[in-house]
Amino acid sequence: MSADETPSYDRRKELPPEVPAEPGPAAEPVRREQQPTGRQRLAKGLWPPRVTRPQLIVALLLFVLGLGLAIQVRSNNDSSALRGARQEDLVRILDELDDRTQRLEEEKRRLEEQRTGLENSSDQAEEARKQTAERERQLGILAGTVAAQGPGITLAVEDKKGAIEADMLLDAIQELRAAGAEAIQINDVRVVASTHLSDAGRGGVRVDGRKVGKPYLFKVIGKPQDLEPALNIPGGVVQTLEKEQATVTVTRSEKIVVSALRPAKRPDYARSSSP
């Protein structure tokens, strides 16, 4: 064996190069499922939108808040016009507002009074009927168609010589009316607006065509404190009658009854102008 020769068990045998195997169905590696990216996850979370009840309430509150802010901004913009107005214009605007406020307060007070009146009346028709009946009684007193009573005076005129004339009694009636007499009766004749007096034969007096006897007795309803002084003024009714040697007596009373009545006469031509 030569020196260059190496024993066969000491020699390394070179392996042949690896030849890749042909890919086959059984040799394919298992593919892992691809994970979504961050943008894809964000898009998936935003669409389709999923609105919960708390989110809806918050959105509604934000909308209301924004609407209120918009209205406030608009109001501030409207009021900014007043900041640039002149002092005279501002005073005029304030006066108009005060007048409008006063008118509204008066209207409110009037409506409240009407409401109170309606509330106090359980039956509006009954209340209207009562008011109509009261008005009818008042007109009846003035027209002489109903009896009346109240405070007043009595005026008694005794004419023994028959010197009293119709115009003297007429002066007494006019003086009493001017002093506030509301109802007058001479003897048994009711005195009204259309009453007329005339002289009768042998020193008598006719009232509305009816002869009244002596003494002449006036029953007058009104305020005694005004009626009596009106008759006793200097140069007035009492002195005029006393000059004719008549005896005149004026008496105050808390209750005078005027019971003489006149028939209600329907006018021939006059008609009410109310609809």
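A brief look at the structure comes next. Please read all numbers here as calculations on a predicted model, not as lab measurements.

Quick word on the pairing of strand S5 (residues 204-207)
Examined bridge by bridge, strand S4 (residues 197-200) and S5 share four bridges and lie antiparallel to one another. Paired with Leu197 across the bridge in S5 is Val207. Remark: three residues form the turn of the hairpin made by S4 and S5, two consecutive strands paired antiparallel; Arg202 in that turn has positive phi of roughly 65°. Bridge analysis of S5 against strand S6 (residues 210-212) gives three bridges, and the strand direction is antiparallel. When the sheet's bridge partners are listed, Arg206 is paired in S6 with Lys211. Connecting S5 to the next strand, S6, in antiparallel fashion are two residues, including Asp208 with a positive phi near 55°.

Quick notes on the sheet that holds S4
Sheet architecture is open: three strands sit in the order S4-S5-S6, paired in antiparallel fashion. Bordering the open sheet on either side are S4 and S6, each of which pairs with just one other strand. Across the sheet, the mean angle from the axis of one strand to that of its neighbour is 40°, orientation sign disregarded. Its contacts with the sheet place helix H5 (residues 166-178) against S4 and S5, and it is angled at close to 155° to S4.

Comments concerning the nonpolar core
Within the largest apolar cluster, 32 residues are counted, with the highest numbers of intra-cluster contacts made by Leu176 and Phe218. For this core, the element with the most residues is H5, which contributes six residues. Once residues within four sequence positions are removed from consideration, Phe218 is found in contact with Ile153, Thr154, Leu155, Leu169, Ala172, Ile173, Leu176, Ile184, Gln185 and Ile186. Core analysis: the second largest hydrophobic core is formed by five residues, Ala148, Ala183, Ile221 and Val258 among them.

Quick word on the sheet that holds strand S1 (residues 148-158)
Judged by pairing direction, the sheet is antiparallel, and its five strands sit side by side in the order S3-S2-S7-S1-S8 without closing on themselves. Pairing within the sheet leaves two strands with one partner each, and these edge strands are strand S3 (189-191) and strand S8 (247-258). Put simply, the sheet's adjacent strands are angled 20° from each other on average, direction ignored. Across four bridges, the pairing between strand S2 (residues 183-186) and strand S7 (residues 216-221) is antiparallel. Looking across to S7, one finds that Gln185 is bridged to Lys219. Sitting on the sheet, H5 is in contact with S1, S2, S3 and S7, with an inclination near 10° to S7. Against the sheet, helix H6 (residues 224-231) engages S1, S7 and S8, with an angle of about 20° to S1.

What about H5?
Spacing of three or four residues puts side chains on the same side of an α-helix, whose turn is 3.6 residues. The terminal C-alpha atoms of H5, which comprises 13 residues, lie 18 Å apart, in line with the 18 Å expected from a rise of 1.5 Å per residue. For H5, the complete set of buried residues consists of Ala166, Met168, Leu169, Ala172, Ile173 and Leu176. Positioned one or two residues after H5, Gly180 has a phi angle of 105°, which is positive.

Some details on a nonpolar patch on the surface
Residues Leu60, Phe63, Val64, Leu67 and Ile71 make up a contiguous nonpolar surface patch of about 510 Å² in total accessible area. Relative to the elements of secondary structure, Phe63 occurs in helix H2 (residues 53-83). Judged by relative accessible area, which is 55%, Phe63 ranks as exposed.

Here is what the cut-offs are and how they apply
Residues numbered from 1 in each chain as written. Predicted model: local features only at pLDDT ≥ 70, side-chain atom pairs only at ≥ 80, totals over all residues. Heavy atoms only, no water. Pairing = 2+ DSSP bridges. Helix = DSSP H or I, 4+ residues; strand = E, 2+ residues; numbered from the N terminus. Axes fitted to C-alpha atoms, helices over the stretch in contact; angles between N-to-C directions. Contact = heavy atoms within 4.5 Å. Core = buried A, V, L, I, M, F, W, Y, C linked by side-chain atoms within 4.5 Å. Buried < 20%, exposed > 50% of the residue type's maximum accessible area, 1.4 Å probe, protein only. Expected span 1.5 Å × (residues − 1). Patch = residues over 30% accessible without salt bridge, like charges linked within 9 Å, V, L, I, M, F, W, Y side chains within 5 Å. Areas by Shrake-Rupley, 256 points an atom, 1.4 Å probe, with all protein chains shown as cover. Salt bridge = Lys/Arg side-chain N within 4 Å of Asp/Glu carboxyl O.

Function cannot be read off these values alone, since they describe shape.
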